[in-house]
Amino acid sequence: MKETINFAKSELGIRKPVKEVFEAFINPDITTKFWFTHSTGKLEEGVKLQWKWEMYNLVIPINVLEIVENQKILIEWGEGMQKSTVVWEFNSVNDNLTFLTITNYNFQGNDDELLNQIKDSTKGFTFVLSGLKAWMEHKIQLRLIEDAFPKELMAKQ
């Protein structure tokens, strides 16, 4: 990650081997258990694809910049002023513990916009890591992303 003060960061230990945790983000059949609802493909270096959150009718373009197996995933996501960079760093602590760090940076906008993006990203990736942990360790789908903004409440606003 290049030096920046404008970034969001979430970290958590997942009690699974690094190979399994890495695969959970590369393979959309697994990722859809705890994060987005659909992907146009598997993460591969140089590929452009889309992730969809059907409950919000939201589609985000993804540009996969770098993949280092079991160590790192680097993407750009979003468009225009909403485009930013995300890096996943996988640290194998031992055979059954992976410490995962997700950092989102290159936000754009004025101070208030930057603050909101950093806050929302930190919250979102904390949900992603929590959902990942529940799925990987206990096969429980917590539905954190869906319940962060319930449709019933969004309709009232």
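These remarks concern the structure in this document.

Points about the packing of aromatic side chains
Part 1 of the reasoning: All told, the structure shown has 16 aromatic pairs when counted by the stated rule.
Part 2 of the reasoning: Ring geometry for Phe 36 versus Trp 51: centroids 4.7 Å apart, planes at 20°, classification stacked. Of the two residues, Phe 36 sits in the loop between α2 (28-31) and β2 (38-39) while Trp 51 sits in strand β3 (residues 48-53), which places them 15 residues apart along the sequence.

Notes on the nonpolar core
Part 1 of the reasoning: Of all hydrophobic cores here, the largest spans 34 residues; its most connected members are Phe 25, Trp 35, Trp 51, Trp 77, Trp 88 and Leu 132.
Part 2 of the reasoning: Mapped by element, the contributors of at least two residues to this core are α1 (18-26), β3, β4 (58-68), β5 (72-77), β6 (84-94), β7 (97-105) and α3 (111-138).
Part 3 of the reasoning: Setting aside anything within four residues of it in sequence, one finds Leu 132 in contact with Ile 14, Val 21, Ala 24, Phe 25, Phe 34 and Leu 100.

Quick word on α3
Part 1 of the reasoning: Here α3 is 28 residues long and its end C-alpha atoms lie 40 Å apart, about the 40 Å a rise of 1.5 Å per residue gives.
Part 2 of the reasoning: Buried within α3 are the following residues: Leu 114, Gln 117, Ile 118, Ser 121, Phe 125, Val 128, Leu 129, Gly 131, Leu 132, Ala 134, Trp 135 and Met 136.
Part 3 of the reasoning: Taking the backbone nitrogen of Asp 112 as reference, a side-chain oxygen 3.0 Å away marks Asn 110 as the first, capping residue of α3.
Part 4 of the reasoning: Just downstream of α3, Lys 139 is the residue with a positive phi angle, here 55°.

Overview of the environment of Asp 120
Part 1 of the reasoning: For Asp 120, the position within the fold is in helix α3.
Part 2 of the reasoning: Along the backbone, Asp 120 and Ala 8 are 112 residues apart, and their C-alpha atoms lie at a distance of 8.6 Å.

Remarks on the environment of Gly 46
Part 1 of the reasoning: Residue position: Gly 46 is located in the loop between β2 and β3.
Part 2 of the reasoning: Judged by its relative accessible area of 59%, Gly 46 falls in the exposed class.

Overview of the sheet that holds β7
Part 1 of the reasoning: Pairing is antiparallel in the open sheet, where seven strands are placed in the order β1-β7-β6-β5-β4-β3-β2. The sheet is open, and its two edges are formed by β1 (7-14) and β2, each paired on a single side.
Part 2 of the reasoning: Packing of α1 onto the sheet brings it into contact with β1, β4, β5, β6 and β7, and relative to β6 it is tilted by some 160°.

What to know about unusual backbone geometry
Part 1 of the reasoning: One non-glycine residue, Asn 70, lies in positive phi territory at about 65°.
Part 2 of the reasoning: At Lys 139, a position not held by glycine, the phi torsion is positive, near 55°.
Part 3 of the reasoning: You can see Lys 139 is positioned in the loop between α3 and α4 (144-148).
Part 4 of the reasoning: Using a relative accessible area of 54% as the deciding quantity, one classes Lys 139 as exposed.

What counts and how
- Residues numbered from 1 in each chain as written.
- Predicted model: local features only at pLDDT ≥ 70, side-chain atom pairs only at ≥ 80, totals over all residues.
- Heavy atoms only, no water.
- Phe/Tyr/Trp six-rings, centres within 6.5 Å; stacked < 30°, edge-to-face > 60°.
- Helix = DSSP H or I, 4+ residues; strand = E, 2+ residues; numbered from the N terminus.
- Core = buried A, V, L, I, M, F, W, Y, C linked by side-chain atoms within 4.5 Å.
- Buried < 20%, exposed > 50% of the residue type's maximum accessible area, 1.4 Å probe, protein only.
- Contact = heavy atoms within 4.5 Å.
- Expected span 1.5 Å × (residues − 1).
- Polar contact = N/O pair within 3.5 Å; in protein donor to acceptor, adjacent residues only side chain to side chain.
- Pairing = 2+ DSSP bridges.
- Axes fitted to C-alpha atoms, helices over the stretch in contact; angles between N-to-C directions.

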